[in-house]
Amino acid sequence: MDSLAMHISNGIINGPVAAVFAAVALAALTFCVLRGRRDLDDRLAPMAGLVAAFIFAVQMLNFPIFTAGVSGHLLGGALAAMLVGPWVGALCVAVVLVVQALVFSDGGVAMLGLNITNMAIIGTAAAYLLIAALLRVLPRNPTGLAVTAFVSALLSVVVAAMGFVVQYWLGGTTDLGGNLGGLAATMAGSHLLIGIGEGLITATTVVTVAKVRPDLVYALRGLRSAPARPVPTVGGVR
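Predicted, not measured: the structure shown is a model, and the values here were computed from it.

Now, about helix α2 (residues 44–58): what can you tell me, with residues and values included?
With 15 residues, α2 extends 21 Å from end C-alpha to end C-alpha; this agrees with the ideal 21 Å at 1.5 Å per step. Among all positions of α2, only Leu44, Met47, Ala48, Val51, Ala52, Ile55 and Val58 are buried. What you see down the axis of α2 is that its buried residues fit within an arc of 140°, all on one side.

See the structure below:
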């Protein structure tokens, strides 16, 4: 388990930086709780449980990347953002990470704030920003949803991986000899491939749910098309 630990293992990042990001994660999750309470209804609450369970399952697939202490795997932030929204989605991913760290020893407990920041906060936020932008220009049909889900999942995984690079730059415990760019390239390249797989899974899942129950897809309910501006009336003709 130590050699194939999921996420960031203890000792990869020093204590002070880990403590700072633990505070960042706690503050962000508190805000998500406050905002997420507004979204919870009889549709979103059970869907959140299903999304968390699905993310937990797919995150069990992991691939060692760096010093046998960091691994790449499916994140689920884009899937959560599309189905239950950014606030509840971030909480779903965070709950999965906490259970994995405390019950299954996947990822270091001392590094939990780092992992939550990268995957639950940065990953979900990046995904939802992309979703909001794409659904304003793409048609809200199965093709448009699939493209939105794929692109947001792919790019959010890479962005979350870059979060680790920044954290390592701030407090990595192994001297890379100034080769931080090499680490960034390794993380980006490997997570780009992982992101393709996550994009396909996310697109398939979201489109399947949308075809059966479109009302359960948060992105279709929470994001509205911009209202058309009224055309002024001139000379009695509109």
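After presenting the structure, the write-up continues.
Explain the layout of surface pockets residue by residue, including any values.
Taken as a whole, the largest pocket holds about 160 Å³ of empty space. For the lining of the largest pocket, the residue count by class is 11 nonpolar, one polar and no charged.

Break down the packing of aromatic side chains for me, citing the residues and quoting the values.
By the definition in use, this model includes three aromatic pairs. Ring centres 6.3 Å apart and planes at 55° place the aromatic pair Tyr128 and Tyr218 in the tilted group. Of this pair, Tyr128 sits in helix α5 (residues 112–134) while Tyr218 sits in helix α8 (residues 218–222), and the two are 90 residues apart along the sequence. As far as burial versus exposure is concerned, Tyr128 and Tyr218 are alike and both buried.

Would you mind going over the nonpolar core in detail, with residue names and values included?
Among the nonpolar cores identified, the biggest contains 42 residues, and Leu83, Val84 and Ile116 are the most heavily contacted of them. Those elements that provide at least two residues to this core are α1 (15–39), α2, α3 (77–84), α4 (86–103), α5, α6 (142–171), α7 (180–212) and α8. By residue number, the principal contributor to this core is α4, which donates seven residues. Contacts of Ile116, omitting those with residues within four sequence positions, involve Ala25, Leu29, Ala94, Leu97, Val98 and Ile121.

Account for the packing of α3 against α5, with residues named and values stated.
Interhelical geometry of α3 versus α5 gives an angle of 55° and a closest axis separation of 8 Å. Of the possible angle classes, the one that applies to α3 and α5 is oblique. As for how α3 packs across α5, the hand of that crossing is right-handed. On α5, the residues that touch Gly77, Ala78, Ala81 and Met82 of α3 are Thr124, Ala127, Tyr128 and Ile131. Here the contact of α3 with α5 is composed, by residue class, of six nonpolar, two polar and no charged.

Definitions and limits used
- Residue numbers restart at each chain and count upward from 1, following the sequence in its written direction.
- A pLDDT threshold of at least 70 governs which residues receive local features in this predicted model, and a stricter bar of 80 or more applies before side-chain atom pairs are shown or counted, although totals over entire chains, interfaces and linings include all residues.
- Computation of side-chain values covers all heavy atoms of the structure but excludes hydrogens and water.
- Counting from the N terminus, the helices are DSSP H or I runs at least four residues long and the strands are E runs at least two residues long.
- Helix span, as expected, comes to 1.5 Å for every residue beyond the first.
- Relative accessibility thresholds used throughout: buried, under 20% of the residue-type maximum; exposed, over 50%; partly exposed, between the two (1.4 Å probe, protein chains only).
- What the arc describes is the spread of directions from the helix axis to the C-beta atoms.
- Every definition here rests on a 1 Å grid over the protein atoms only: cavities are sets of points where a 1.4 Å probe fits but cannot get out, pockets are open sets enclosed by protein on both sides within 12 Å along at least five of seven lines, and lining residues have some atom within 4 Å of a point.
- Grid points are joined across faces, edges and corners, and a volume is the space filled by probe spheres set on the points.
- Each residue receives one of three labels: charged for Asp, Glu, Lys and Arg, nonpolar for Ala, Val, Leu, Ile, Met, Phe, Trp, Tyr, Cys and Pro, and polar for the others, Gly being one of them.
- For Phe, Tyr and Trp, rings pair up if their centres lie within 6.5 Å, where Trp contributes its six-membered ring, and each pair is then called stacked (planes under 30 degrees apart), edge-to-face (over 60) or tilted (otherwise).
- Think of a nonpolar core as a cluster: buried Ala, Val, Leu, Ile, Met, Phe, Trp, Tyr and Cys residues, connected wherever their side-chain atoms sit within 4.5 Å.
- Whether two residues are in contact is decided by their heavy atoms: any pair within 4.5 Å suffices.
- All axes here are fitted lines through C-alpha atoms, helices being fitted over the stretch that makes contact, and every angle between N-to-C directions spans 0 to 180 degrees.
- Each angle is binned into one of four classes, with values under 35 degrees roughly parallel, values over 145 roughly antiparallel, values of 65 to 115 roughly perpendicular, and all other values oblique.
- By convention the crossing between two helices is left-handed if the near helix lies anticlockwise of the far one by an angle smaller than a right angle, and right-handed if it lies clockwise.

Spatial relationships are all this shows, so hold off on functional conclusions.
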